[in-house]
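Architecture at a glance
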Amino acid sequence: ESTLGAAAAQSDRYFGVAIASGRLGDSVYTNIANREFNSVTAENEMKIDATQPQRGQFNFTAGDRVYNWAVQNGKQVRGHTLAWHSQQPGWMQSLNGGELRQAMIDHINGVMSHYRGKIVEWDVVNEAFADGGSGARRDSNLQRSGNDWIEVAFRTARAADPAAKLCYNDYNVENWNAAKTQAMYAMVRDFKQRGVPIDCVGFQSHFNEGNPYNSNFRTTLESFAALGVEVSVTELDIQGASPTTFANVTNDCLAVASCVGVTVWGVRDSDSWRAQHTPLLFNNDGSKKPAYDAVLNALNGG
Ligand code: G3I
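Residues numbered from 1 in each chain as written. Predicted model: local features only at pLDDT ≥ 70, side-chain atom pairs only at ≥ 80, totals over all residues. Heavy atoms only, no water.

Looking up the protein chain in an unreviewed UniProt entry gives the name Beta-xylanase, with the organism given as Streptomyces sedi. Per UniProt, the protein chain carries the Sequence similarities (unreviewed entry) text "Belongs to the glycosyl hydrolase 10 (cellulase F) family." UniProt, in its Catalytic activity (unreviewed entry) section for the protein chain, records the words "Endohydrolysis of (1->4)-beta-D-xylosidic linkages in xylans." (UniProt positions renumbered as here; feature names shortened; annotations may be inferred.)

Structure, rendered in structure tokens:
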């Protein structure tokens, strides 16, 4: 196959991309995105600050722009993200305790009912574990509302859209030996044992000097899959875009039956939140980088 999406579809996987609504008027951008990818994640438009800027007043204008572009072009959509310490609107940042808990529940219900039946998988909870070696939960207003906030989010999400797969998503959890990875693993194992509804785990996979790719990523994916969840690479970018590393990540997903797909976090380097790292598959002029060829070759079984 000659595009990433078609090549991934050979093994019933998707190859996705983060789309920014503000770039949908750029035909170089949309031509590449439409040609190459068969799954879309809204880079910012379905986050809490975008979808509920005032308490109780939902706004799906930008989210729907991304959603409609994706569906009109035949792509599936990942939902990102419902409960997160970051990109909370001001009103939510100032809430705590039971009031915040209820606001989180209301937010999940409001967004998921708008997109009910339309989103293949939702990142229900994003980035709840602390960086470094502690293996602890990240401190946040959500965490201070009670350690059970994550399972409450998942139970709420299951009821709000029973058809959606419910994911936990985090970064710097690709290395099997990292404390953060092990903490996330223990949580997912506990959820599966206790029947908390969780279907998938997203590995953001922002690889850089601080979080270098390690070949034990495949062990990580296999270990989570063995717990009975689907796994996916949800926000892939690699500082310097080494073709070998891009191919390794792709092959790691292909090697794990429950790895359902890979999403890169932007189209061209200039679209990246880390543009100076040139971490993506396309140059600023829209031409393919060597990393693109490496990924396509891997997807084609090379
Ligand atoms: O849209 C406004 C614009 O009107 C304003 O002039 C400008 C000035 O700062 O800001 C613009 O908003 C920015 C937005 O991206 C759109 O470009 C925000 O400031 C900026 O904070 C926001 O950054 C996003 C970041 O999440 C916020 O946490 C990045 O685009 C987005 O790529 C990034 O994505 C996250 C994932 O959601 C979770 N995992 C990590 C990943 C990378 O940080």
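That shown, we press on.
Looking at the site of the ligand
Around the ligand, the surrounding shell holds 13 residues, and the nearest of these are Glu 43, Lys 47, His 80, Glu 127 and Glu 235. A distance of 2.7 Å is found between an oxygen atom of the ligand and a side-chain nitrogen or oxygen belonging to His 80. Contacts to the ligand include Trp 265, whose side-chain N or O atom sits 2.9 Å from an oxygen atom. Of the residues that constitute the shell around the ligand, the class distribution is three nonpolar, six polar and four charged. (Near = heavy atom within 4 Å. Polar contact = N/O pair within 3.5 Å; in protein donor to acceptor, adjacent residues only side chain to side chain. Nonpolar A, V, L, I, M, F, W, Y, C, P; charged D, E, K, R; others polar.)

Side note on the packing of aromatic side chains
Tallied over the entire structure, the rule returns 15 aromatic pairs. Taking 5.6 Å as the distance between ring centres and 80 degrees as the angle between the ring planes, the aromatic pair formed by Phe 207 and Tyr 213 counts as edge-to-face. For Phe 207, a relative accessible area of 3% corresponds to the buried category. In textbook terms, an aromatic cluster arises when at least three aromatic residues are bridged by ring pairs, as seen for Trp 176, Tyr 185, Phe 203, Phe 207, Tyr 213, Phe 217 and Phe 224. (Phe/Tyr/Trp six-rings, centres within 6.5 Å; stacked < 30°, edge-to-face > 60°. Buried < 20%, exposed > 50% of the residue type's maximum accessible area, 1.4 Å probe, protein only.)

Focus on unusual backbone geometry
Going from His 80 to Thr 81, the amide bond is cis rather than trans, its omega being -5 degrees. Along the polypeptide, Thr 81 turns up in strand β3 (residues 76-84). Phi is positive for Gln 87, close to 50 degrees, though the residue is something other than glycine. Locating Gln 87 in the fold gives a position in the loop between β3 and α5 (90-93). According to the relative accessible area criterion, Gln 87 is partly exposed, its value standing at 26%. One non-glycine residue with positive phi stands out, namely Ser 205, at about 65 degrees. Judged by relative accessible area, Ser 205 falls into the buried class, the value being 0%. (Helix = DSSP H or I, 4+ residues; strand = E, 2+ residues; numbered from the N terminus.)

Focus: the state of the cysteines
Such a bond, covalent and formed between the sulfur atoms of two cysteines, is termed a disulfide. Inspection of every chain in the model, using the stated rule, returns two disulfides. For Cys 167, the disulfide goes to Cys 200, at an S-S distance of 2.1 Å. On the sign convention where negative is left-handed, the bridge of Cys 167 and Cys 200, at about -90 degrees about the S-S bond, is left-handed. Linking Cys 167 in strand β5 (residues 165-170) with Cys 200 in strand β6 (residues 200-203), this pair joins segments that are 33 residues apart in sequence. Look at Cys 167 and you get buried, because its relative accessible area is 0%. Judged by relative accessible area, Cys 200 falls into the buried class, the value being 1%. (Disulfide = S-S within 2.5 Å.)

Focus on the pattern of salt bridges
Under the criterion given, the structure shown has 18 salt bridges. A salt bridge links Arg 101 to Asp 148; the shortest N-O distance between them is 2.7 Å. With Arg 101 in helix α6 (residues 97-114) and Asp 148 in the loop between α7 (141-144) and α8 (149-160), the pair connects residues that are 47 residues apart, well separated along the chain. Assessed through its relative accessible area of 15%, Arg 101 is described here as buried. (Salt bridge = Lys/Arg side-chain N within 4 Å of Asp/Glu carboxyl O.)

Concerning the layout of surface pockets
Remark: the empty space left among the atoms is shown by a probe the size of a water molecule rolled over them. Volume-wise, the largest pocket comes out at about 320 Å³. Glu 127, Gln 204, His 206, Glu 235 and Trp 273 are, among the 18 residues lining the largest pocket, the residues nearest its centre. Here the lining of the largest pocket is built from residues that sort into four nonpolar, nine polar and five charged. (1 Å grid on protein atoms, 1.4 Å probe; cavity = no way out; pocket = protein on both sides within 12 Å on 5 of 7 lines; lining within 4 Å. Points joined across faces, edges and corners; volume = space filled by probe spheres on them.)

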